[in-house]
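# Residue-level structure breakdown
In case you want the letters, here they are:
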Amino acid sequence: MRILGFILIGAGLLALVFGGFSYTRKRDTVEFGPLKASVQQRERVSLPPVLGAAAVIAGVALIVITSRRKN
């Protein structure tokens, strides 16, 4: 559970710093016999800051809860 907490903290901090992620999608647009034309589109997925903050808070809570159970 502690590992999951650290992963949530890291993912939440990345979401807060970068605000999302982008990727490139390749689409085949025209295919005429042996000729083929394709287009690469860059798309962005935005993550709200509330989601990043919630992930950080959940990660800290997991770490605190698991450390209290051991004591």
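Quick caveat: nothing in here was measured; it's all calculated off a predicted structure. (Residues numbered from 1 in each chain as written. Predicted model: local features only at pLDDT ≥ 70, side-chain atom pairs only at ≥ 80, totals over all residues. Heavy atoms only, no water.)

## What about the overall build of the protein?
The number of helices and strands found in the protein is two helices and two strands. Going from N to C terminus, the protein has its helices and strands arranged as α-β-β-α. Taking 71 residues into account, the globule formula puts the C-alpha radius of gyration at 11 Å, and the protein, at 20 Å, lies well above it. Along the longest, intermediate and shortest principal axes, the C-alpha atoms of the protein span 70 × 20 × 10 Å. Within the protein, the proportion of its 71 residues that are buried is 17%. When the accessible surface of the protein is summed, it comes to about 5800 Å², and 65% of that surface belongs to carbon and sulfur atoms. (Helix = DSSP H or I, 4+ residues; strand = E, 2+ residues; numbered from the N terminus. Rg over C-alpha atoms; globule rule 2.2 N^0.38 Å. Buried < 20%, exposed > 50% of the residue type's maximum accessible area, 1.4 Å probe, protein only. Areas by Shrake-Rupley, 256 points an atom, 1.4 Å probe, with all protein chains shown as cover.)

## Quick word on the pattern of salt bridges
What the rule picks out here adds up to one salt bridge. The residue Arg25 makes a salt bridge to Glu43 at a minimum N-O spacing of 2.9 Å. One end of the pair, Arg25, is in strand β1 (residues 20-32); the other, Glu43, is in strand β2 (residues 35-46), with 18 residues separating them in the sequence. Given the relative accessible area of 32%, Arg25 is considered partly exposed. Residue class for Glu43 comes out partly exposed when judged on its relative accessible area of 23%. (Salt bridge = Lys/Arg side-chain N within 4 Å of Asp/Glu carboxyl O.)

## Points about the side chain of Thr66
Mapped onto the secondary structure, Thr66 falls in helix α2 (residues 49-70). Using a relative accessible area of 13% as the deciding quantity, one classes Thr66 as buried. A distance of 2.9 Å separates a polar atom in the side chain of Thr66 from the backbone oxygen of Leu62. Apart from residues lying up to four places away in sequence, Thr66 is in contact with Met1 and Arg2. (Polar contact = N/O pair within 3.5 Å; in protein donor to acceptor, adjacent residues only side chain to side chain. Contact = heavy atoms within 4.5 Å.)

## Section: a nonpolar patch on the surface
Where nonpolar side chains cluster on the molecular surface, the patch consists of Met1, Ile3, Leu4 and Ile7 and spans about 450 Å² of accessible area. Following the sequence through the fold, Ile7 ends up in helix α1 (residues 2-18). Judged by its relative accessible area of 51%, Ile7 falls in the exposed class. (Patch = residues over 30% accessible without salt bridge, like charges linked within 9 Å, V, L, I, M, F, W, Y side chains within 5 Å.)

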